[in-house]
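# Secondary and tertiary structure notes
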Amino acid sequence: MTVLNLTEKTEKQIRRAGAEAYPDECCGILLGTEDGDGHVVRSLRPVVNARESGEQYHRFLITAEEMMQAELEARRLGLDIIGFYHSHPDHPAAPSAYDRDHALPFYHYVILRVANGRPEDMTDWRLRLSREAFDAENLKIEP
Ligand SMILES: [Zn+2]
């Protein structure tokens, strides 16, 4: 298990995005750096959910074009794309089968549960190399 450090600022940004997108899912890209046995999120790149509107309550999609733009921004800031965040409106903060099918190993997947419009628990996951399952990571919030 590795550690993902979020600053209080980026944690609040994810919570706000989750509340604002409710009852749909919010999503975005985590930009950051490696740090000892884990990663630190330094900046967020919110992404417009590219899923068709009737599916956004339980699906999110980030386009290849958006990934390319995020790469450019990361390079400009001296950061790497270290993962993704999205919200689960009225569902547990755990990856769905859909999330597993669309995830890649190595990246962090931060999931925020939003219940009745209110941001609740936040978790971090990484996909095993076998792609069979996610492992829960140690998510830390720091000033
Ligand atoms: Zn999900």
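Provided above is the structure to which this section pertains.
Since we're looking at a predicted model, the values are computed, not measured.

### Brief notes about the nonpolar core
Taken as a class, soluble globular proteins show a tendency for nonpolar side chains to be buried jointly. Ranked by internal contacts, the top residues of the largest apolar core, which has 28 residues, are Cys27, Ile29, Leu30, Phe84, Tyr85 and Val110. Elements that contribute at least two residues to this core include exactly strand 1 (3–7), helix 1 (8–21), strand 2 (27–35), strand 3 (38–47), helix 2 (64–77), strand 4 (80–89) and strand 5 (108–115). Element by element, the count of residues in this core is highest for strand 5, at five residues. Leave out the neighbours within four places in its chain, and Cys27 touches Val47, Asn49, Phe60, Ile62, Phe84, Tyr85 and His86.

### Observations concerning unusual backbone geometry
Of note, the bond from Tyr22 into Pro23 is cis; its omega dihedral lies within 30 degrees of zero at 10°. Relative to the elements of secondary structure, Pro23 occurs in the loop between helix 1 and strand 2. A positive phi is found at Asp90, a non-glycine position, where the angle reads about 55°. Inspection of the secondary structure puts Asp90 in the loop between strand 4 and helix 3 (97–102). Judged by the 13 C-beta atoms lying within 10 Å of it, Asp90 is partly exposed. The backbone of Phe106 shows a phi angle near 85°, a positive value even though the residue is not glycine. Take Phe106: it is sitting in the loop between helix 3 and strand 5.

### Overview of the environment of Glu120
Here Glu120 lies in strand 6 (residues 118–127). For Glu120, the contacting residues outside a window of four places in its chain are Arg113, Val114 and Ala115.

Rules of the game
- Residues numbered from 1 in each chain as written.
- Predicted model: local features only at pLDDT ≥ 70, side-chain atom pairs only at ≥ 80, totals over all residues.
- Core = buried A, V, L, I, M, F, W, Y, C linked by C-beta atoms within 7 Å.
- Buried ≥ 20, exposed ≤ 12 C-beta atoms within 10 Å, placed from the backbone.
- Helix = DSSP H or I, 4+ residues; strand = E, 2+ residues; numbered from the N terminus.
- Contact = placed C-beta atoms within 7 Å.

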